[in-house]
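# Chains, contacts and geometry: an overview
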Amino acid sequence: MLLVALVACKPRDVVIQVAIPGPDSVDAPVAKLGLVALPYDRDSLLATFEAKNPRPAALTQQLDSLFQAYRAPFTTYAVAAYRLQATERRLARERARLDSLPRGAAAYDTAYRAFAALGDSLTALRAARDDAQRRLARTNDALKPRMDSLRIEMVRWEDSTYAGYDTLTKKLAEGIGREQVSDSTDAEGRARFRLPPGDWWIYARSWDAWDPNSQWYWNVKVSGERVILDKTTGRRVPRY
Amino acid sequence: MRFLAALAVVTGLALLAPAPAAAQLDPMLAQRTKGKADAPITVYELSDFQCPFCRKLTLEVIPELDRDYVQTGKVRWIFVNLPLTQIHPNALAAAEFAMCSARLGKFWPAHDLLFQHQPKWAPLKDPAPFLLTLADSMGVPRADLVSCLQGNETRSLIQGEAEGAARSGVASTPTLYVDRAGLIPGAQPVALYRQIFDSLYKERTGGR
């Protein structure tokens, strides 16, 4: 069968599964994420362009340092907001449980004490969330103008460095007789591609729940019938 | 395999019986059949004009098999369409071009030209203008060909063949179906086909 696979044209069905760490650090499927199957390795091409015009280190260092300053207040806020939401969800569950119990039952008293304790903790959690939100807003006001101006410079560098990239990839795809294929993930974070024979790479980007100035990036070569896009096959990259 | 058996019946080639004369073939199949009508071996070539491995088989292997088996009366060769449209967007247009050429008595020249020039038309968004230049080089009147292509006159025939092949379990191209012997998937080295054809020929003719 391997021999046939190497000497015959046959559509190749590939399933892509995407999951990234959510705010609770647990991997969760990513729905409606755009995926592109490319018949070439975009990282290698980008590296060729960057070799002629290296990434401006002074700019990236400044941005990295601003991102670093933003990260702690953002994480504090994200954790506080997540805790509050989780407690509100738990409280709703406890309320439903209470409603299902007879008022005179011993289990009702126990459930009520748990419900009341949760309700009390909400005030402190809301205060922590609001405090974190205010701190984040102050950090944002302090850092954002500088971040924006540095990002504009980065966009200028990208525009000049990668000029010609689209033309090159179009010619490349024409030369090998295969065009890129696009799709997006379903509610379970899954997408299915039917690919012509040849080498393929799956390219995707996704938000990072832990840092708005960072994103998940994948450029994974297809081998086999299943491709996993997760923290082990992708990398966190700054959103310059 | 059932479709191929059915195709054999349609063409008059009962799988367990000697092949009948070419005159009994459906006219559209007769146009894409070559070799002696009573050849002891019949081969169905399930192929896709946009498939690079079909091209390889056609340009590098089939000429040798044609010379040593088809032209010597050992093998009758029949082309069957299996355009893999999910991965080859121009395969159906090329198959229609070939089948319309078949109606004008030019299937094999169209077949050879499509494979020879595959790298030129395969990546095109619209291959039709390029394909019509091939018609000119075959000496086919453009108007007749255009009329056949615009009327989608051969599309259902091609799709029927492709669906039938898929139902028979043929999922890749090229695949050769050798009557009463089975399927040979992929573009294999010529030595493999020689081994199979020689063995079948000996078995079916008693080594004559």
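Placed above this text is the structure.
Residues numbered from 1 in each chain as written. Chains lettered and ligands numbered in written order. Predicted model: local features only at pLDDT ≥ 70, side-chain atom pairs only at ≥ 80, totals over all residues. Heavy atoms only, no water.

### A closer look at the overall build of chain A
Along chain A, the regular secondary structure elements total five helices and nine strands. Taken from N to C terminus, the helices and strands of chain A fall in the order α-β-β-β-α-α-α-α-β-β-β-β-β-β. Counting only residues that meet the buried cut, chain A has 38% of its 240 residues in that class. Carbon and sulfur atoms make up 54% of the accessible area of chain A, which amounts to about 13,700 Å² in all. (Helix = DSSP H or I, 4+ residues; strand = E, 2+ residues; numbered from the N terminus. Buried < 20%, exposed > 50% of the residue type's maximum accessible area, 1.4 Å probe, protein only. Areas by Shrake-Rupley, 256 points an atom, 1.4 Å probe, with all protein chains shown as cover.)

### Comments concerning the environment of Leu-114 of chain B
Residues and elements named next belong to chain B. In this fold, Leu-114 is placed in helix α5 (residues 107-116). Remark: the alpha-carbon pair of Leu-114 and Arg-55, spanning 59 residues in sequence, is separated by 8.9 Å. Not counting the four nearest positions on each side in its chain, Leu-114 is found in contact with Phe-49, Ala-94, Phe-97, Ala-98, Trp-121, Leu-131 and Leu-134. (Contact = heavy atoms within 4.5 Å.)

### Re the interface of chain B and chain A
Taken together, the 17 residues of chain B in the interface contact 15 residues of chain A. Buried surface at the junction of chain B and chain A, both sides included, amounts to about 1,300 Å², of which 66% is carbon and sulfur. In this assembly, chain B and chain A are joined by one salt bridge. Notably, a salt bridge pairs Lys-125 of chain B with Glu-179 of chain A, separated by 2.9 Å at the nearest N-O pair. On inspection of chain B and its partner chain A, the count reaches three residue pairs in polar contact (both at pLDDT 80 or more). For the side of chain B that touches chain A, the class distribution of residues is 10 nonpolar, six polar and one charged. (Buried area = accessible area lost by both parts, 1.4 Å probe. Salt bridge = Lys/Arg side-chain N within 4 Å of Asp/Glu carboxyl O. Polar contact = N/O pair within 3.5 Å; in protein donor to acceptor, adjacent residues only side chain to side chain. Nonpolar A, V, L, I, M, F, W, Y, C, P; charged D, E, K, R; others polar.)

### Thoughts on the packing of aromatic side chains
Applying the stated criterion across every chain, the model contains 15 aromatic pairs over all chains. Ring geometry for Tyr-70 of chain A and Phe-74 of chain A: centres 6.5 Å apart, planes at 20°, overall stacked. Separated by four residues within a single helix, Tyr-70 of chain A and Phe-74 of chain A lie in helix α3 (residues 57-100), roughly one turn from each other. Phe-74 of chain A shares its class with Tyr-70 of chain A; the two are buried. Ring plane angle 40° and centroid distance 5.1 Å describe the contact between Phe-49 of chain B and Phe-115 of chain B, whose orientation is recorded as tilted. In this pair, Phe-49 of chain B sits in the loop between β2 (41-47) and α3 (52-70) while Phe-115 of chain B sits in helix α5, placing the two residues 66 residues apart along the sequence. Just as Phe-49 of chain B is buried, Phe-115 of chain B falls in that class too. Clustering of aromatic rings is evident, with ring pairs tying together Phe-49, Phe-79, Phe-107, Trp-108 and Phe-115 of chain B. Lying across the ring of Trp-200 of chain A, Arg-178 of chain A places its NZ or CZ 5.0 Å from the centre. The side chain of Lys-34 of chain B reaches across the aromatic face of Trp-108 of chain B, ending 4.2 Å from its centre. (Phe/Tyr/Trp six-rings, centres within 6.5 Å; stacked < 30°, edge-to-face > 60°. Lys NZ or Arg CZ within 6 Å of the ring centre and 35° of its normal.)

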